[in-house]
Amino acid sequence: MSTYTRRNFLKISAATIAAASVGGKVASYAAENLGGARPPERGERRVPTFCDICFWKCGAIATVRDGKLWKIEGNPEDPISRGRLCPRGTGGIGHALDPDRLRTPLIRTGERGAEQWKAVSWDEAFGVIASKLAHLKAEHGPESLALFSHGIGGAHFHHLAKAFGTPNMAAPSFAQCRGPRDTGFTLTFGDGVGGIERTDMRNSDCLVLIGTHLGENMHNTQVQEFSEAVGRGASIIVVDPRFSVAASKAKYYLPIKPGTDTALLLAWMNVLVSEKLYDTEYVSKYGFGFEQFAASIRSYTPEWAFPETGIEPELIRATAREMARHRPASLVHPGRHSNWYGNDSQRSRAVALLNALLGSWGRKGGIYVASSVDIPAYPHIPYPKPARAALDNPGNRYPFAGEAITTGIREATITGKPYPIKAWMVYATNLLYSLPNQQETIQAIQNLDFLVVVDALPSEIAGWADVVLPESVYLERYDELSSDPFRDPFVSLRQPVVESPHDQKPGWWIAKNLGEKMGLGAYFPWKDMEDYLDHRLRGAGYTLDQLKRVGVVRGPKQPLYFEEGATPEFDTPSGKIEFYSLQLQKAGFDPVPVYTPPEAPPPGYYRLLFGRASVHTFSRTENNRILADVMPENALWVNTAVARGLGFKDGDYVVVRNLDGVRSNRIQVRATERIRPDCVYMVHGFGHTSKALTKAFGHGASDSQLLTRYKTDPLMGGTGLNVNFVTLESEV
Ligand SMILES: Nc1nc2c(c(=O)[nH]1)N[C@H]1C(S)=C(S)[C@@H](COP(=O)(O)OP(=O)(O)OC[C@H]3O[C@@H](n4cnc5c(=O)[nH]c(N)nc54)[C@H](O)[C@@H]3O)O[C@H]1N2
Ligand SMILES: Nc1nc2c(c(=O)[nH]1)N[C@H]1C(S)=C(S)[C@@H](COP(=O)(O)OP(=O)(O)OC[C@H]3O[C@@H](n4cnc5c(=O)[nH]c(N)nc54)[C@H](O)[C@@H]3O)O[C@H]1N2
Ligand code: SF4
Ligand SMILES: [Mo]
C-alpha cells in the first residue's frame with residue numbers, strides 16, 4: 001500500500017511522458033505504456049467495437065499489432081459511423097494510452113479536495129463504500145444516495161442505484177444539454193428527435209442551422225449528412241453570432257445578435273403565414289390551433305425583428321421564401337445543446353413550429369420516423385419501490401421536465417430539502433465542468449457525507465472524492481448494447497480489444513461486485529457480461545459470438561416517411577401538431593412562443609459564448625496526447641476592432657474576468673472578423689485545474705469557471721449558460 005499525493009502522481013507521470021514524447025506517435029505510446037506486462041502476442045488482429053470519445057457510439061474497428069493497440073477506424077458495416085470516425089474517435093487510442101490514467105482504487109487521506117490518496121484493493125474500496133452506504137441507508141433512507149452519470153456505461157450504475165432503492169439519478173445531457181429541445185419538440189409534435197437526431201439532412205434541399213455548429217460539433221453521422229447536403233447543392237442558411245465552419249458553407253449567413261433567435265423565428269413564421277407560403281394541406285390535416293397561432297404571430301414582422309436581431313428585413317424575407325421553396329425537404333435543425341438563455345424550451349418550440357409550417361416532420365428531407373431493434377432485458381427481481389419521490393423537481397416546479405434535473409439534485413444537496421442527500425456516486429461526468437457555477441457544486445459536495453467517483457482519469461471531480469474507482473477505458477471493456485432509434489435499426493457491441501494495463505476494471509464489473517458487497521447480489525444474476533449480453537441478444541434472435549465477429553447487425557427496415565407508409569402519430573393532448581398549446585396555457589405559460597429581449601452587456605463587457613472544437617470532447621480529451629498535440633489550448637475569439645480598442649492584438653495572452661470577479665487562466669486572443677463585437681467565444685473543456693492531468697493542466701481557459709451565472713428554464717429546469725458577461729485584462 002502506498003500513499004499517493006499530487007506530487008507522487010506527477011513524479012510517476014513525468015517519467016512516462018518524457019519517454020513518450022520522443023516518438024509522439026501512437027505506436028510509441030503503445031510501446032511505452034502497454035509493452036512489458038503483456039504476454040507476447042504476435043501478428044495483427046482487428047476487433048469491432050464502438051467508440052466512447054463522445055456519446056455518439058460510432059461503430060469502429062480497432063487494430064492490435066503484436067499485442068499493442070495500433071489504430072482505430074470506422075466499421076463500414078455500422079450505420080452510425082458508415083466506416084469513418086471523426087478526428088476525436090481516430091485519436092481514441094490516446095485515451096487508453098494516457099500515462100495519467102487512474103490505476104488503482106484510491107481512498108482519500110487528506111482534506112476533501114486536497115487530492116491526497118491511499119491506494120487500496122478493490123475489496124477494501126468496496127468494503128468502505130458498502131459500509132458507508134449501509135449506514136446512510138439506515139439513517140436517512142436509500143433516497144439519500146444520488147447518482148450522476150453520462151454515457152452508455154452509466155447503465156450499470158443506474159441498475160445498482162435502483163437496486164439500492166434510490167430514485168435520484170440524473171445526467172448533464174438533459175438540464176445542461178438537449179432538454180429544452182426535447183421539451184419544445186415534445187410539446188409540439190408529441191415526441192422528441194432522439195439521441196441520434198432523426199434529421200434527414202442527406203435528403204434536405206434547404207437546411208437551416210441555428211447555432212448548430214456542425215463541422216466543429218463533430219457528431220459523426222450529422223457531419224457526414226451535412227457534407228452530403230452541401231455536396232448536393234442544398235441551400236444552407238446559418239444563424240450564428242460567430243462565422244462558424246458551417247457558416248462558411250452557407251448560401252445565407254445571418255450574424256444574429258446573441259439571444260434574439262426567437263424574434264427571428266417568429267418573423268420567419270410571420271412571413272410564411274402572411275405570404276401563405278406554408279404547407280396548408282399538411283397544417284390543416286395534422287395541425288391543432290393554427291388560427292390562434294396565426295393571430296398571435298401577426299405583429300412579428302421582419303421590420304419588428306430587425307432592431308432586435310440585427311438581421312435586415314429583406315434577408316429575413318428572402319430566407320423564409322428560400323425555406324418555403326424547398327418544403328417539405330426544408331429542415332430547420334432542432335439543434336442539440338439548447339440551454340442558452342433560460343427561455344430555451346420556448347425557442348425550441350418556435351423551431352418545432354417552423355418545421356411544422358414547412359411540413360417537414362415525417363417527410364423526406366425533413367425529420368424522418370426512426371425505429372430500433374427491440375432487445376429484451378435480462379430478467380432480474382423487481383427493484384424496491386422508493387418510499388420518497390425523486391427530489392430534483394420538487395412539487396413539479398418545472399412541469400415539462402421530461403428527465404431528471406442534475407442541478408435540482410445539486411440544489412437539494414445544498415438545502416437538504418425536500419429531504420437530505422448524503423452521498424453522490426458519480427460515473428463519467430466531470431460535474432465541476434458540466435454544471436454551471438462551480439462554487440455551488442463544491443458547496444453541495446461539502447455538504448455530503450460521502451462521494452464516490454468512477455472515472456478513467458484524475459479529473460477535477462475525482463479530486464473531490466472520498467473513494468475513486470478507476471474504470472477500464474472503452475477499448476478494454478464490454479458495455480451495454482447500443483440500439484438507439486435510427487433510420488436503419490441496428491444493434492452494436494462494445495467489446496474489449498486489449499486488457500487494462502493496471503488494476504482498472506470495467507463499469508459492469510464494478511457495479512456487480514460492489515452490488516454483491518452491498519448485499520444486492522440477487523439483482524445481478526448474470527455470471528459476467530458475456531452471459532448478460534448473450535442472453536439479451538438471443539432474446540432478439542442474435543448471439544454474442546456473432547456480434548463479437550461483426551460488431552453490428554441490422555434489424556428489418558421500417559418506413560421513414562409518411563408518404564412511404566410511416567404512421568403519422570402525434571402524442572400530444574389533441575393528437576395533432578400543437579400550434580397552440582392548451583397544456584402550456586393551463587400551466588400558466590405562453591401557448592405560442594413570445595419574445596423576451598436578452599439583457600444587454602454592461603459597457604466594456606462582452607457576452608461569453610462557447611462551443612466545440614473538432615478534435616476535443618468536453619473536458620474529456622485535453623489530456624489525450626494524440627488530440628492535445630493537435631490542439632493543446634483554446635483561444636478567445638474577439639472581434640478585431642474590439643481587440644484593437646482594448647489594446648490587444650492577435651496572439652496576446654489575456655485573462656478573462658466575469659461580472660462576479662472570477663478571473664480565468666491565461667488564454668490567447670484570436671482577433672477575428674468572424675465574430676460580432678458584442679460577444680467573445682472560447683472552446684469548452686480547457687483550463688484544467690487537476691495537476692494530475694499532466695498534459696492538460698493549466699492549458700487554456702475554462703468557460704465552466706466563468707459561468708457563475710445561469711438562467712433556469714421555467715418549463716423544464718434547464719440551465720441557460722449564455723448569460724455571463726466578461727471583460728479582458730492583461731495577464732499581470
Ligand atoms: N461550461 C460548459 N458546461 C457544459 C457544456 C459547455 O459547453 N460548457 N456543455 C454541456 C453539454 S452539451 C454536455 S452533454 C455536458 C457534458 O458533460 P460531461 O459528460 O460531464 O463531460 P465531461 O466534462 O467531458 O466529463 C466526462 C468525464 O468522464 C471521464 N471519463 C472519460 N472516459 C471515461 C471512462 O471510460 N470511464 C469513466 N468512468 N469515466 C471516463 C472524464 O475523465 C471526465 O471526468 O456538459 C454540459 N455542460
Ligand atoms: N467535436 C465535438 N463535437 C461534439 C461535442 C464535443 O464535445 N466535441 N459534443 C456533442 C454534444 S453533447 C453537443 S450537445 C453538441 C453541441 O454543439 P451544438 O449543438 O452545435 O451547440 P453549442 O455548442 O451550444 O453551439 C454553439 C454555437 O452556437 C452559437 N451561438 C451562441 N449563442 C447563440 C445565439 O444566441 N444564437 C445563435 N443562433 N447561435 C448562438 C455559437 O457561436 C456556436 O457556434 O456537440 C456535440 N458534438
Ligand atoms: S462522433 Fe467521433 S468521438 Fe463521437 S463516437 Fe463517433 S467517432 Fe467517437
Ligand atoms: Mo451535449
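What counts, and at which threshold
- Residues numbered from 1 in each chain as written.
- Chains lettered and ligands numbered in written order.
- Predicted model: local features only at pLDDT ≥ 70, side-chain atom pairs only at ≥ 80, totals over all residues.
- Heavy atoms only, no water.
- Near = heavy atom within 4 Å.
- Nonpolar A, V, L, I, M, F, W, Y, C, P; charged D, E, K, R; others polar.
- Helix = DSSP H or I, 4+ residues; strand = E, 2+ residues; numbered from the N terminus.
- pLDDT = per-residue confidence, 0-100.
- Contact = heavy atoms within 4.5 Å.
- Buried < 20%, exposed > 50% of the residue type's maximum accessible area, 1.4 Å probe, protein only.
- Polar contact = N/O pair within 3.5 Å; in protein donor to acceptor, adjacent residues only side chain to side chain.
- Areas by Shrake-Rupley, 256 points an atom, 1.4 Å probe, with all protein chains shown as cover.
- Domains from an automatic or database assignment.
- Salt bridge = Lys/Arg side-chain N within 4 Å of Asp/Glu carboxyl O.
- Axes fitted to C-alpha atoms, helices over the stretch in contact; angles between N-to-C directions.
- Parallel < 35°, antiparallel > 145°, perpendicular 65-115°, else oblique.
- Left-handed = near helix turned anticlockwise from the far one by under 90°.

Draft legend 1. Inspection of the site of ligand 3 at higher detail. Residues in close proximity to ligand 3 include Cys51, Ile53, Cys54, Trp56, Lys57, Cys58, Leu85, Cys86, Arg88, Gly89, Met218 and Asn220, which together make up its full environment. In terms of residue class, the shell around ligand 3 is built from eight nonpolar, two polar and two charged.

Draft legend 2. The arrangement of unusual backbone geometry in detail. Cis geometry is found at the peptide bond from Arg327 to Pro328, where omega equals 5°. For Pro328, the location among the structural elements is in the loop between helix 13 (313-326) and strand 13 (330-332). The residue after Lys417, namely Pro418, is reached through a cis peptide bond having omega 0°. With respect to the element layout, Pro418 can be found in the loop between helix 15 (406-415) and strand 14 (423-427). In the Ramachandran plot, Arg82 falls in the positive-phi region, its phi being about 50° despite a non-glycine side chain. With respect to the helices, strands and loops of the structure, Arg82 is situated in the loop between strand 4 (68-74) and helix 3 (87-90). At Ala428, a position not held by glycine, the phi torsion is positive, near 55°. Tracing the sequence through the fold places Ala428 in the loop between strand 14 and helix 16 (431-434).

Draft legend 3. Broad picture of the confidence of the model for the protein chain. Per-residue confidence for the protein chain averages 94 on the pLDDT scale, and 95% of its residues sit at or above 70. Note on residues 1-36: pLDDT under 50 across the span, and 66 contacts to partners over four residues away in sequence or across chains.

Draft legend 4. Fine view of the side chain of Thr260. You can see Thr260 is positioned in the loop between strand 11 (252-254) and helix 9 (261-274). Given the relative accessible area of 0%, Thr260 is considered buried. In this structure the side chain of Thr260 is engaged in a polar contact, spanning 2.7 Å, whose partner is the backbone oxygen of Lys257. If we ignore the near neighbours within four places in the chain, the residues touching Thr260 are Glu308, Thr309, Tyr595 and Pro598.

Draft legend 5. Highlighting the site of ligand 2. Around ligand 2, a shell composed of 33 residues is seen, among which His213, Asp240, Asp261, His337 and His616 lie nearest. In this structure, a nitrogen atom belonging to ligand 2 sits 2.8 Å away from a main-chain N or O atom of Ala613. For ligand 2, a nitrogen atom lies 2.6 Å from a polar atom in the backbone of His616. Here ligand 2 loses 98% of its free accessible area of 920 Å² to cover by the protein chains. For the shell around ligand 2, the leading source of residues is strand 20 (residues 606-611), giving three residues. When its residues are assigned to classes, the shell around ligand 2 shows 14 nonpolar, 12 polar and seven charged. In this structure, the shell around ligand 2 is formed jointly by two domains, domain 2 (190-370 + 573-586) and domain 3 (606-730), each of which donates at least three residues.

Draft legend 6. Structural view of the pattern of salt bridges. Across all of its chains, the model carries 58 salt bridges by this definition. Arg625 is paired through a salt bridge with Asp98; the nearest N and O atoms lie 3.4 Å apart. Placement of the pair is Arg625 in helix 22 (residues 625-630) and Asp98 in the loop between helix 4 (93-96) and strand 5 (106-108), with a sequence separation of 527 residues. For the pair shown, Arg625 and Asp98 are each scored as buried.

Draft legend 7. Layout of the packing of helix 5 (residues 122-140) against helix 18 (residues 507-517). Between helix 5 and helix 18, the shortest axis-to-axis distance is 9 Å and the interhelical angle comes to 60°. With respect to helix 18, the element helix 5 is oriented oblique. Taken as a pair, helix 5 and helix 18 cross one another with a handedness that is right-handed. Seen from helix 5, the contacting residues are Trp122, Asp123, Phe126, Gly127, Ile129 and Ala130; seen from helix 18, they are Trp509, Ile510, Asn513, Leu514 and Lys517. Each residue belonging to the contact of helix 5 with helix 18 can be placed in one class, and the counts come to seven nonpolar, two polar and two charged.

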